[in-house]
Amino acid sequence: ARPHVVVVGGGYGGATAAKYIRMWSHGSIDVTLIEPNAKFVSCPLSNLVLGGSRQLNDLTRSYDNLKRRHGVKILHDSASSIDPEKRTIKLLSGEVLGYDRLILSPGIEFLWNEVSGMDVAGAQDKILHAWKAGPQTTALRAQLEAMHDGGVFAMTIPLAPYRCPPGPYERACQVAHYFSQHKPKSKVLLLDANEDVVSKGPLFKKVWKERYPGIIEYRPSYRTTAVEVATRTAISELGDKVRADVLNVVPPHRAGAIAAQTGLANMNKRWCEVDFITFESTQARNIHVIGDAIQGSPLMPKSGHMANQHGKVCAAAVVDLLAGRTPEQIPLLTNTCYSYVSDKDVIHVASVHVYNTDKKTLLVVPGSGGVSPAPTELEGHYANSWAHNIWSDMLT
Ligand code: FAD
């Protein structure tokens, strides 16, 4: 029989892996992708929906080319359990699939039990995260539009590592950009569990001071452990309270539920450890984990760009393994994260990560990467092209 790979999750990691296995095996490996959503919606650029310069539709793409052009079989369903011994995966619909290799790219699961008040019925309809792009993104934009001028938008940020290190600070810029044009008396308050801005700190702080003076306030070491939903109040572990007109809570998170539930989230019970040559889990044979669900290498950001690179390294290794070859390539990964500080101007951070055979992990190449000197409109064009290019790389 032809080898069969099942991929769980059609996001940045999973869609890339599915497409590249089909391409690099010249169609000799059958690939089934399990993804509940009918269409792909990108988190990158989704902060611009909050700022008002993009619509969700601009960030939405079809899975059709994966099917038609690349012959990936797509099931719009969810993985509900995995039997690593039998090499089977059960779907919500009840269907059971066998696999030779399984690739999990399920993204993240929110740990609502770590923010008391948010795990009660109805709370999550009122206090939004918008940290998975989709209906919550447009709903948060609607809350901002409905807010009176002079109101406060407060956002809570969990301790690192979390999805998209610069994402919260970009969001602050986007909301401040909207306020500066339409609600100039309003304020943005960042309640950050971390001691300092996690990514591009000096650049963001300069932007906040120069472009949005008096609009953005940054409070470090504010770890939100409870929320009073009715009054939209964020309560810190020390008992400090901040009341907002629009409260945006990004809770702590861990590897997507299916990975954690299969016993693969062995790092602090949060993240999955893998062998970086193949991205095979250290906890179960024949199961690979990529994207935001993994950790283990210092300074490896949880980004769409990285997930796309994991997808390719993993695809190459899986094609080798299923052909009976030992994967010999030394992984070299790049990362770029662009952040829009207005509707046009952008800053970036970049890094290069190479596999170290002694330490068996990915390390940042000394002297590689860096950050922008200042925001520019030219980088805005690069950022927009980056998004369109990576969507095409994954999906067309
Ligand atoms: P995802 O892309 O989230 O894909 C996971 C998929 O798995 C989802 O489609 C989900 O439906 C599916 N799934 C989950 N569980 C199951 C199951 N049991 N069965 C079947 N399917 C399942 N990154 C950048 O590189 N650049 C940026 O500019 C950037 N900006 C960002 C801005 C924001 C506001 C946010 C929130 C994130 C941003 N990111 C950015 C980070 C990026 O979105 C993530 O790192 C990336 O999506 C991770 O890819 P993934 O494949 O691990 O997860």
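Residues numbered from 1 in each chain as written. Predicted model: local features only at pLDDT ≥ 70, side-chain atom pairs only at ≥ 80, totals over all residues. Heavy atoms only, no water.

## Some remarks on the pairing of strand β7 (residues 88–91)
Here β7 shows one buried face, formed by Ile-89 and Leu-91, and one open face, formed by Thr-88 and Lys-90. Summarising the sheet, strand β6 (residues 79–83) and β7 pair through four bridges and their orientation is antiparallel. Within β7, the position partnered with Ser-81 by the bridge is Lys-90. Counting the residues in the hairpin turn of β7 and strand β8 (residues 96–98) gives four residues, including Gly-94, whose phi is positive at 105°. (Buried < 20%, exposed > 50% of the residue type's maximum accessible area, 1.4 Å probe, protein only. Helix = DSSP H or I, 4+ residues; strand = E, 2+ residues; numbered from the N terminus. Pairing = 2+ DSSP bridges.)

## Looking at the nonpolar core
In terms of nonpolar packing, the biggest core is built from 123 residues, with Ile-89 and Trp-208 touching the most fellow members. When residues no more than four places from it in sequence are discounted, the contact partners of Trp-208 are Tyr-169, Cys-173, Leu-190, Val-197, Pro-213, Ile-216 and Tyr-218. (Core = buried A, V, L, I, M, F, W, Y, C linked by side-chain atoms within 4.5 Å. Contact = heavy atoms within 4.5 Å.)

## A few points about the sheet that holds strand β14 (residues 224–228)
Read across the open sheet, the three strands follow the order β14-β15-β16; overall the sheet is antiparallel. The open sheet has two edge strands, β14 and β16 (241–243), and neither has a second partner. Across the sheet, the axes of successive neighbouring strands diverge by a mean angle of 25°, strand direction being ignored. Across three bridges, strand β15 (residues 233–236) lies against β16 in antiparallel orientation. The residue of β16 that forms the bridge with Ile-235 is Lys-241. (Axes fitted to C-alpha atoms, helices over the stretch in contact; angles between N-to-C directions.)

## Observations regarding the packing of helix α1 (residues 12–24) against helix α9 (residues 304–322)
At a minimum axis distance of 8 Å, the contact between α1 and α9 shows a crossing angle of 35°. Relative to α9, α1 is oriented so that their crossing is right-handed. Contacts from Tyr-12, Gly-13, Thr-16, Ala-17, Tyr-20, Ile-21 and Trp-24 of α1 reach α9 at Gly-304, Ala-307, Asn-308, Gly-311, Lys-312, Ala-315, Ala-316, Val-318 and Val-319. Taken together, the residues of the contact of α1 with α9 sort by class into ten nonpolar, five polar and one charged. (Left-handed = near helix turned anticlockwise from the far one by under 90°. Nonpolar A, V, L, I, M, F, W, Y, C, P; charged D, E, K, R; others polar.)

## A look at the pattern of salt bridges
Throughout the structure, instances matching the rule amount to 18 salt bridges. In this structure, the salt-bridge partner of Lys-86 is Asp-83, at a minimum N-O distance of 3.9 Å. By relative accessible area, Lys-86 is classed as exposed at 64%. One salt bridge connects Asp-196 with Lys-205, and the closest N-O pair in it is separated by 2.7 Å. (Salt bridge = Lys/Arg side-chain N within 4 Å of Asp/Glu carboxyl O.)

## Let's talk about the sheet that holds strand β12 (residues 187–192)
Across the sheet, four strands lie side by side as β13-β12-β11-β17; this open sheet has parallel pairing. Only two strands of the sheet have a single neighbouring strand rather than two, namely β13 (216–219) and β17 (246–249). Each strand axis lies, on average, 15° off the axis of its neighbour in the sheet, ignoring direction. Bridge count for β12 against β13 is four bridges, and the pairing is parallel.

## Describing the layout of surface pockets
Taken as a whole, the second largest pocket holds about 430 Å³ of empty space. Pro-165, Val-198, Leu-299, Met-300 and Pro-301 are the residues nearest the centre of the second largest pocket, which is lined by 24 residues in total. Of all the secondary-structure elements, those providing two or more residues to the lining of the second largest pocket are β22 (332–340) and β23 (346–356). Ranked by the residues each element gives to the lining of the second largest pocket, the list is headed by β23, at four residues. Looking at side-chain class alone, the lining of the second largest pocket contains 14 nonpolar, eight polar and two charged residues. (1 Å grid on protein atoms, 1.4 Å probe; cavity = no way out; pocket = protein on both sides within 12 Å on 5 of 7 lines; lining within 4 Å. Points joined across faces, edges and corners; volume = space filled by probe spheres on them.)

## Here's the deal with the state of the cysteines
Here a disulfide denotes a covalent bond joining the sulfur atom of one cysteine to the sulfur atom of another. Applying the stated criterion to the full structure yields zero disulfides. In this model Cys-164 remains outside any disulfide bridge; the closest cysteine sulfur is found in Cys-337, 5.2 Å from its own. Residue classification places Cys-164 among the partly exposed residues on the basis of a relative accessible area of 26%. Not engaged in a disulfide, the cysteine Cys-314 finds its nearest cysteine sulfur in Cys-272; these two sulfurs lie 13 Å apart. Under the relative-accessibility criterion, Cys-314 is labelled buried at 0%. (Disulfide = S-S within 2.5 Å.)

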